[in-house]
Amino acid sequence: MVFMDPIPLAPEAQARVLIDAQLTAAGWSVQDRSKINLFASQGVAVREKIMTPGHGRADYLLYVDKRVVGVIEAKPQGVPLAGVEWQAAMYADGLPKEHRLRAVLVHDRLPFVFEASGSETYFTNGFDSKPRARKLFAFPRPSTVARWIREADDDPAWPTWLAKVAA
């Protein structure tokens, strides 16, 4: 009997396998865009979501409590994530009109923006007074993201912990 090695995945596909596993471990339901079920979990990560023309295709569109809240830009391991923040920001700005009614928006864009490679993850919280990418150890749980949204709604003048500390 001859055993053949499986077909190797492209580097970005390898990163997505790792990202899928990390999202699942954090409590997200990872789904293909052709089979979206927003009732599957509090947090749903939809792969390969097409954005408005000129804004490309987000690697993942994130939903919490059936509302769009963020995006993830996936890159192969070894690619500096600091160099792809512009791409993730472009997705955050390019939410299709039909999704805007059920989205959390800050200054007309999605607030939670991630860049990930499977070995590292960067995160920008659009609720911060001076949003910037920060390195994370893991993706936040959907319940944590829901809490961040509630806290921002409850205290819009100081929507994040950083804003409260700065004040």
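Residues numbered from 1 in each chain as written. Predicted model: local features only at pLDDT ≥ 70, side-chain atom pairs only at ≥ 80, totals over all residues. Heavy atoms only, no water.

Novice: I would appreciate a short explanation of the layout of surface pockets in the present structure.
Specialist: Space left empty within the atom packing is revealed by a probe, the size of a water molecule, rolled over the atoms. Within this model, the largest pocket holds a volume of roughly 280 Å³. In terms of lining, the largest pocket is formed by 17 residues, of which the most central are Asn-125, Asp-128, Trp-148, Thr-160 and Trp-161. Taken together, the residues that form the lining of the largest pocket break down as 7 nonpolar, 3 polar and 7 charged. By volume, the second largest pocket amounts to about 190 Å³. Along its surface, the second largest pocket is lined by 15 residues, and Arg-109, Val-113, Thr-124, Gly-126 and Pro-131 are the ones closest to its centre. When contributions to the lining of the second largest pocket are tallied by element, the ones reaching two or more residues are helix H2 (85–93), strand S5 (112–116) and strand S6 (121–125). Tallied by class, the residues present in the lining of the second largest pocket amount to 7 nonpolar, 4 polar and 4 charged. (1 Å grid on protein atoms, 1.4 Å probe; cavity = no way out; pocket = protein on both sides within 12 Å on 5 of 7 lines; lining within 4 Å. Points joined across faces, edges and corners; volume = space filled by probe spheres on them. Nonpolar A, V, L, I, M, F, W, Y, C, P; charged D, E, K, R; others polar. Helix = DSSP H or I, 4+ residues; strand = E, 2+ residues; numbered from the N terminus.)

Novice: Even after reading the chapter, I still don't get the pattern of salt bridges, so can you show me in this structure?
Specialist: Close approach of charged atoms allows side chains with opposite charge to pair. Summed over the entire model, instances satisfying the criterion amount to 11 salt bridges. Put simply, Glu-48 and Arg-57 hold a salt bridge, and the shortest N to O gap is 3.7 Å. The salt bridge involving Glu-151 is made with Arg-147; its shortest N-O contact spans 3.4 Å. Residue Glu-151 and its partner Arg-147 are located together in helix H4 (residues 142–154), separated by 4 residues, close to a single helical turn. The exposure class of Arg-147 is partly exposed, given its relative accessible area of 36%. A cluster of three or more residues bridged by salt bridges with shared partners is formed by Arg-16, Glu-48, Arg-57 and Asp-59. (Salt bridge = Lys/Arg side-chain N within 4 Å of Asp/Glu carboxyl O. Buried < 20%, exposed > 50% of the residue type's maximum accessible area, 1.4 Å probe, protein only.)

Novice: I'm lost on the nonpolar core in this one. Help?
Specialist: Inside soluble globular proteins, nonpolar side chains tend to come together where they are buried. With 24 residues, the main nonpolar core has Leu-23, Tyr-60, Val-69, Ile-72, Phe-112 and Phe-139 as its most contacted residues. Elements with a contribution of two residues or more to this core: helix H1 (11–25), strand S1 (28–32), strand S3 (57–64), strand S4 (67–74), S5 and H4. Ranked by residues supplied to this core, first place goes to H4 with 4 residues. Excluding residues that lie within four positions of it along the chain, Phe-112 makes contacts with Val-69, Gly-70, Val-71, Phe-123, Thr-124, Asn-125, Phe-127, Val-145, Trp-148 and Ile-149. (Core = buried A, V, L, I, M, F, W, Y, C linked by side-chain atoms within 4.5 Å. Contact = heavy atoms within 4.5 Å.)

Novice: Please clarify how H4 should be interpreted in this entry.
Specialist: Two residues of an α-helix separated by three or four positions point the same way, owing to the 3.6 residues in each turn. Here H4 spans 18 Å end to end across 13 residues, near enough to the 18 Å set by a 1.5 Å rise per residue. Looking only at H4, the buried set comprises Pro-142, Thr-144, Val-145, Ala-146, Ile-149 and Ala-152. Considering only its buried residues, H4 is in contact with S1, strand S2 (43–50), S3, S4 and S5. (Expected span 1.5 Å × (residues − 1).)

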